[in-house]
Amino acid sequence: MTDKKDAGDRAERAAERYLVANGYRVLERNLRVGRYEIDLLVGRDDLVAIVEVRMRGPGAFEGPLASVDHTKQKKLIRAAERLWRKRWAKDPNPPRLRFDVVGVRFEDEREIVEHIPGAFTA
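Predicted model only: the values in this text are computed from it and were never measured.

Criteria and cut-off values
- Residues numbered from 1 in each chain as written.
- Predicted model: local features only at pLDDT ≥ 70, side-chain atom pairs only at ≥ 80, totals over all residues.
- Heavy atoms only, no water.
- Helix = DSSP H or I, 4+ residues; strand = E, 2+ residues; numbered from the N terminus.
- Contact = heavy atoms within 4.5 Å.
- Expected span 1.5 Å × (residues − 1).
- Buried < 20%, exposed > 50% of the residue type's maximum accessible area, 1.4 Å probe, protein only.
- Arc of directions from axis to C-beta.
- Pairing = 2+ DSSP bridges.
- Axes fitted to C-alpha atoms, helices over the stretch in contact; angles between N-to-C directions.

K.L.:
Explanation requested: the side chain of glutamate 16 in the structure shown.
P.N.:
Tracing the sequence through the fold places glutamate 16 in helix α1 (residues 2-21). With residues near it in sequence (within four places) discarded, glutamate 16 still touches Val26, Arg29 and Leu40.

Set out below in structure tokens:
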């Protein structure tokens, strides 16, 4: 189980490096919102993105981006609703909120990162 967790942590660090290099700032990592977890919460200007980081091994049937199915999307939407109520519901200038997905693959020690901004809507 630690190998899977280590691989997930490595993928999250790769996603974070990619996002920071592309102008985002990391607001939170592994944010617990009730029973849900948000991998990364990043911001840029008046935008806050809830980022789901997915990783798949080289022999996986589906790629990392395809693994964010309808069930996972519903969980992320619930987490976003809780986060919104907790942080921004009474804010006179709330940020725009978006759902992004970052897929990470490792090939021969190379990180291949794919970022889908606005991957789905609530």
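K.L.:
What is the right way to read helix α2 (residues 70-87) from this model?
P.N.:
Turn by turn, an α-helix covers 3.6 residues, leaving residues three or four places apart pointing in a common direction. Spanning 18 residues, α2 covers 25 Å between terminal C-alpha atoms, matching the ideal 26 Å at 1.5 Å per step. Along α2, the residues classified as buried are Leu76, Ile77, Ala79, Ala80 and Leu83. Buried residues of α2, seen end-on, are gathered within an arc of 165° and therefore sit on one face of the element. Facing away from the buried side of α2 by more than 90 degrees, the exposed set consists of His70, Arg85 and Lys86. Residues of α2 that are buried make contact with β1 (25-33), β2 (36-44), β3 (47-55), β4 (96-107) and β5 (110-120).

K.L.:
Explanation requested: the sheet that holds β5 in the structure shown.
P.N.:
Pairing between the strands of a sheet comes from backbone hydrogen bonds, and it takes one of two forms, parallel or antiparallel. Here we have five strands laid out as an open sheet, ordered β1-β2-β3-β4-β5, and mixed in their pairing. The open sheet has two edge strands, β1 and β5, and neither has a second partner. In this sheet, adjacent strand axes meet at a mean angle of 30° when their direction is disregarded. Lying over the sheet, α2 contacts β1, β2, β3, β4 and β5, oriented at roughly 65° with respect to β2.

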